[in-house]
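# Commentary on secondary and tertiary structure
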Amino acid sequence: MAGRFAPRPTRTTVRGGELAVPAGVPRQVTAPARVRRWVPEGPLDLGLVLGPLRRGPGDPTFRAGRDGCVWRATRTPAGPGTLRVHASGGEVRGEAWGPGAEWLLEGLPELLGAADDPDAFVPRHRVVALARHRRPGLRLTRTGLVLESLIPSVLEQKVTADEAYRAWRRLVRGFGEPAPGPAGTGERPMWVMPAPRTWALIPSWEWHRAGVDDKRASTILRAVRVAARLEQAVGMPAAEARARLQVVPGIGPWTSAEVVQRSHGAADEVTTGDLHLPGIVGWALAGDRHADDTEMLRLLEPYAGQRHRAARLILLSGITPARRAPKMPRVDIGLL
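Sequence order sets the numbering: in each chain, residues are counted from 1 along the sequence as written. Under the rules for a predicted model, residues below a pLDDT of 70 receive no local features and side-chain atom pairs below 80 are neither given nor counted, while totals for whole chains, interfaces and linings still include all residues. Heavy atoms throughout the structure, all of them, feed into the side-chain values; hydrogens and water do not.

Turning our eyes to something else, we now look at the overall build of the protein chain. To qualify as a helix, a DSSP run of H or I must reach at least 4 residues; to qualify as a strand, a run of E must reach at least 2; elements of each kind are numbered from the N terminus. Within the protein chain one finds 16 helices and seven strands. The buried label goes to any residue with under 20% of its type's maximum accessible area, the exposed label to any with over 50%, and the partly exposed label to all in between, with areas taken from a 1.4 Å probe on protein chains only. The buried share of the protein chain, reckoned over its 336 residues, is 49%. Intrachain contacts of the protein chain at a sequence separation of at least 6 include 67% that bridge at least 24 residues. Where accessible areas are quoted, they stem from the Shrake-Rupley method and a 1.4 Å probe; at the residue level, only the protein chains shown are allowed to cover. As displayed, the protein chain has an accessible area near 16300 Å², and 52% of this comes from carbon and sulfur atoms. It only takes one pair of heavy atoms within 4.5 Å for two residues to be counted as in contact.

See the structure below:
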């Protein structure tokens, strides 16, 4: 089936054909950056706003500079692009490179929370109020992109964070392309994630070497076959976007919530089905370390319309129950 999409994901087509990747990918000549300046209303913390887009240490698509700037390499509707964001003196300066540069700069305000309304949030608990007071620069990002959040979220299903981050790094570096501009060169070059067609052609053994089981790989393959339809969900309300995502087998409530929180900046879409979040919310708000999803949603009812923000502030508070069980075992199927 090499050279075209399979009509449906059978066992053979899921494993895919061989995808030749040149050993030495030519680097792009650095062109002058396009620049946009923007003045946010109120305080802005780049680390808090853009932090959820980072998939672990060593994420090849995300980098935080020592000077406080944030670099982001992504695949936009106009093509790959690199964005550097720096905030100083109440002003944000965005620099972008590549075919997607104009698209990235146009969406810079929403990426940094311009569409978010933090003033609509009213704390109902001391823990939440204190966390909000200490983090005045928190805003919810809106990327306007679905697939870039969907694929790493699928990789994070039912495994440890370390395993998911390792898989993301290996697949992006192995099958992505160098980030446009200066970020794509040097000792630690950044990378843009593969295009949907490239994801579809990754051989089965490469998924295995990355530690990704057949179930998660198959989910990603089904998603990239309808990538255009999924990206259209950005123009829908968050609840309708989640419903569209969940039409794809293997994408459930946990994954869809993780996606729209980033793609839509959805302030009310709280994550359910998480191993740790209900216990953390239960402990912070009611001293109940054994809270389940039902109890978590009950405790978050006073924040209707802002439940995700409330959960985010609770996580930022650092108030978590002491661990009483061993960590989830890490299994690297790539070594089997």
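So that's the structure; there's more coming.
What follows is about the nonpolar core. Core analysis: the biggest nonpolar cluster contains 37 residues, and Leu150, Leu171, Trp199, Trp207, Val212, Ile220 and Leu245 have the highest contact counts within it. Of all elements in the fold, only α6 (147–155), α7 (161–175), α8 (196–200), α10 (214–225), α11 (227–231), α12 (238–245) and α13 (253–263) reach the threshold of two or more residues within this core. Beyond its immediate sequence surroundings of up to four residues, Leu171 is in contact with Leu155, Gly176, Pro194, Trp199, Ile202, Glu206, Trp207, Ala210 and Val212. Here, the term nonpolar core denotes a set of buried Ala, Val, Leu, Ile, Met, Phe, Trp, Tyr and Cys residues that are joined through side-chain atoms within 4.5 Å. Listed in part, the 20 residues of the second largest apolar core include Val127, Leu277, Leu300 and Ile314.

Axis definition: a line fit to C-alpha positions, over the contact stretch in the case of helices; interaxial angles, taken between N-to-C directions, run 0 to 180 degrees. Running from N to C, α12 and α13 cross one another at 130 degrees; their axes reach a closest spacing of 9 Å. Compared by their axis directions, α12 and α13 come out oblique. Crossing of α12 over α13 shows right-handed handedness. Judged by residue contacts, Ala238, Ala241, Arg242 and Leu245 of α12 engage Pro253, Ser256, Ala257, Val259 and Val260 from α13. Each residue receives one of three labels: charged for Asp, Glu, Lys and Arg, nonpolar for Ala, Val, Leu, Ile, Met, Phe, Trp, Tyr, Cys and Pro, and polar for the others, Gly being one of them. Taken together, the residues that form the contact of α12 with α13 break down as seven nonpolar, one polar and one charged. Roughly parallel refers to an angle under 35 degrees, roughly antiparallel to one over 145, roughly perpendicular to one between 65 and 115, and oblique to any angle outside these ranges. Helix crossings get a hand from a simple test, with the near helix turned counterclockwise from the far one by less than a right angle marking a left-handed crossing and a clockwise turn marking a right-handed one.

Looking now at α10. A helix is expected to span 1.5 Å for every residue after the first. In this model α10 runs 16 Å from its N-terminal to its C-terminal C-alpha over 12 residues, within 8% of the 16 Å that 1.5 Å per residue would give. The definition of a polar contact used here is a pair of N or O atoms within 3.5 Å, where within protein one atom must be able to donate a hydrogen and the other to accept one, and adjacent residues in sequence count solely through side-chain atom pairs. The residue sitting at the N-terminus of α10 and contributing the capping side-chain oxygen is Asp213; that oxygen lies 3.0 Å from the backbone nitrogen of Lys215.

As a per-residue measure, pLDDT tells how confident the predictor is, with possible values from 0 to 100. Scored by pLDDT, the protein chain has a mean of 90; 87% of the residues are at 70 or more. Counting interchain partners and residues more than four positions distant, the pLDDT-below-50 stretch residues 1–28 has 42 contacts.

Here we take up the sheet that holds strand β2 (residues 62–64). Working definition: the strands of a sheet are paired by backbone hydrogen bonds and lie parallel or antiparallel to each other. Strands sit in the order β1-β5-β4-β3-β2 across an open sheet of five strands; the sheet is antiparallel. If you trace the sheet from one side to the other, it starts and ends with β1 (34–38) and β2, each paired once. Pairwise comparison of adjacent strand axes, ignoring direction, gives a mean angle of 20 degrees for this sheet. Bridge analysis of β2 against strand β3 (residues 70–76) gives three bridges, and the strand direction is antiparallel. Within β3, the residue paired with Phe62 across the bridge is Arg72. In this scheme, strands are said to pair when DSSP sees at least two bridges between them.

Close contact between helix α5 (residues 126–134) and helix α16 (residues 307–317) brings their axes to 9 Å; oriented N to C, the two are set at 80 degrees. With respect to α16, the axis of α5 lies roughly perpendicular. In this structure, α5 contributes Val127, Val128, Ala131 and Arg132 to the contact, and α16 contributes Leu313, Ile314 and Ser317.

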